[in-house]
Amino acid sequence: MKNLIYQFWEGNLSTGNAAGVQLMEEYSKRIGVEYVFEQNPTWPKEARVQRKNLGRYNPHYGAFKPIFDLSFDDYDNILFCDTDVVPVDICNKNIFEEFDKEIGICEEWMQPSLRTKHNMGGINNANDNRWYDVIQKNYGFELYRDSVGRPRVFNSGMVLYSKEGREKARQCFKDFKQYCDLMSRSGLPPFYQGDQNYLNAMLPQFDWQLMDYKWNSQIFFRPDTNGDNRPINDYREQPCFVHVQLRGADNYDISRLRKVVND
C-alpha cells in the first residue's frame, strides 16, 4: 500500500505551525510513509469543484486538494492533518493500519454537551439543529445525532481518505460555493460555512469509519473564560495525535509545543 500524509498552510507560516509540520514529518518517517507539506498551494484548474470566493473560510477548503488533484491518484490512502494536529513523541503506531473504509474521522464527542451549555460565538446547539435542518431540506441527507438527539460533531482536522473515497468525493461532493451561499442565506453564523461542517454534511454519502479519538484528541480553553490563567479542557487520554486548539499556540516554539503535547 502506498500511503501519504498531507498538510498545507496559506500565508506566512508561524512558529507553532512550522513546529507542527516538523513533528508530523518526523512521525511520517517513523511509520515509513511519504509526507507532503505545501505552503500556499494552488488548486487544480481541471477540478469539477473550484475553491474560490468562499469567504473567510476559503483557505480551509484547501484541505480537499488531495481529492481533486489527480497528481495524488497514485496513493492508496491519504491522511490530511491540520498543522496544529501534533503527534506525541512516543507514537510509533501506524494510523493507516487502523483504517479500512472510504473516509476516517474522529468525533468531538464533548461538543454536543458544550454547545448546549455555551454559546461560543454563535456556535451552539440551536444553530447546530438549524444547520442540520438546512442540510436535510436542501441535500436530502440524514445526518447523525447522539443518544439524546443532539447533532454529532466530527472534526475535520484529521481525516483519512482511501482512493475509492477520493474518487467518490470527486463525483458527489457538492459545490463549495453553493454550500457557503446556502449557509449565508440561511442566516447561520459564518462558522457553519467552514470545511468542517461541509464535510460533516457530505459524510452520509460514504462508507465512513469513526476513528479512535486518540488520533485527534483535543486540548482547548474552557468556553466562556478569559484572561492569562484561563482553565483548560484537556481531553487527552493516551493520545497519538493532539489537536492543540489553544489561543496563541500558533506562536509557540517547538519546545513549548512539545511540552504541551507530551506532558
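This structure is a prediction, so every number in the text was calculated from the model and none was measured.

1. Concerning the sheet that holds strand S2 (residues 34-39)
Reading across the sheet, the six strands line up as S2-S1-S3-S6-S5-S7 and stay open at both edges, with mixed pairing between neighbours. The open sheet terminates on both sides in strands that have one partner only, identified here as S2 and strand S7 (208-210). When the angles between neighbouring strand axes are averaged without regard to direction, this sheet yields 25°. The pairing of strand S1 (residues 3-9) with strand S3 (residues 77-81) spans four bridges and is classified as parallel. For Tyr6, the partnering residue across the bridge sits in S3 and is Phe80. Against the sheet, helix H1 (residues 15-31) touches S1, S2 and S3, its axis set at about 175° to S1. Helix H5 (residues 163-172) contacts S3 and strand S6 (154-162) of the sheet and is inclined by roughly 110° relative to S6.

2. Re the sheet that holds strand S9 (residues 232-234)
The strand order S4-S10-S8-S9 describes an open sheet built from four strands, whose pairing is mixed. At either margin of the open sheet sits one strand with a lone partner, and together these are strand S4 (85-87) and S9. Sheet twist, expressed as the average angle between the axes of neighbouring strands with direction ignored, equals 20°. Here four bridges tie strand S8 (residues 217-221) to strand S10 (residues 241-245), and the two strands are oriented parallel to one another. Looking at S10, one finds that Phe220 is bridged to Gln245.

3. Considerations on the pattern of salt bridges
Tallied over the full model, the rule gives 15 salt bridges. Close ionic contact of Lys177 with Asp181 constitutes a salt bridge, the shortest N to O distance being 2.9 Å. Of the two residues, Lys177 and Asp181 both sit in helix H6 (residues 176-185), four residues apart, roughly one turn of that helix. Take Asp181: its relative accessible area is 30%, and that puts it in the partly exposed class. Taken together, the shared-partner salt bridges connect Glu26, Asp89 and Arg258 into one network.

4. Thoughts on unusual backbone geometry
In this structure, Asn53 takes a positive phi of about 60° despite not being glycine. Positive phi, normally seen in glycine, also occurs at Asp224, with a value near 65°. Secondary-structure assignment places Asp224 in the loop between S8 and S9. A residue is classified by how much of its surface remains accessible, and Asp224, at 60% relative accessible area, is exposed.

5. Here's the deal with the environment of Ile103
Note on placement: Ile103 falls in strand S5 (residues 103-107). Between the C-alpha atoms of Ile103 and Tyr27, which are 76 residues apart in sequence, the distance is 21 Å.

6. A look at the side chain of Asn17
Here Asn17 shows up in helix H1. Since its relative accessible area comes to 2%, Asn17 is described here as buried. In contact with Asn17, not counting residues within four places along its chain, are Trp9, Thr83, Asp84 and Asp250.

Here is what the cut-offs are and how they apply
Residues numbered from 1 in each chain as written. Predicted model: local features only at pLDDT ≥ 70, side-chain atom pairs only at ≥ 80, totals over all residues. Heavy atoms only, no water. Pairing = 2+ DSSP bridges. Helix = DSSP H or I, 4+ residues; strand = E, 2+ residues; numbered from the N terminus. Axes fitted to C-alpha atoms, helices over the stretch in contact; angles between N-to-C directions. Contact = heavy atoms within 4.5 Å. Salt bridge = Lys/Arg side-chain N within 4 Å of Asp/Glu carboxyl O. Buried < 20%, exposed > 50% of the residue type's maximum accessible area, 1.4 Å probe, protein only.

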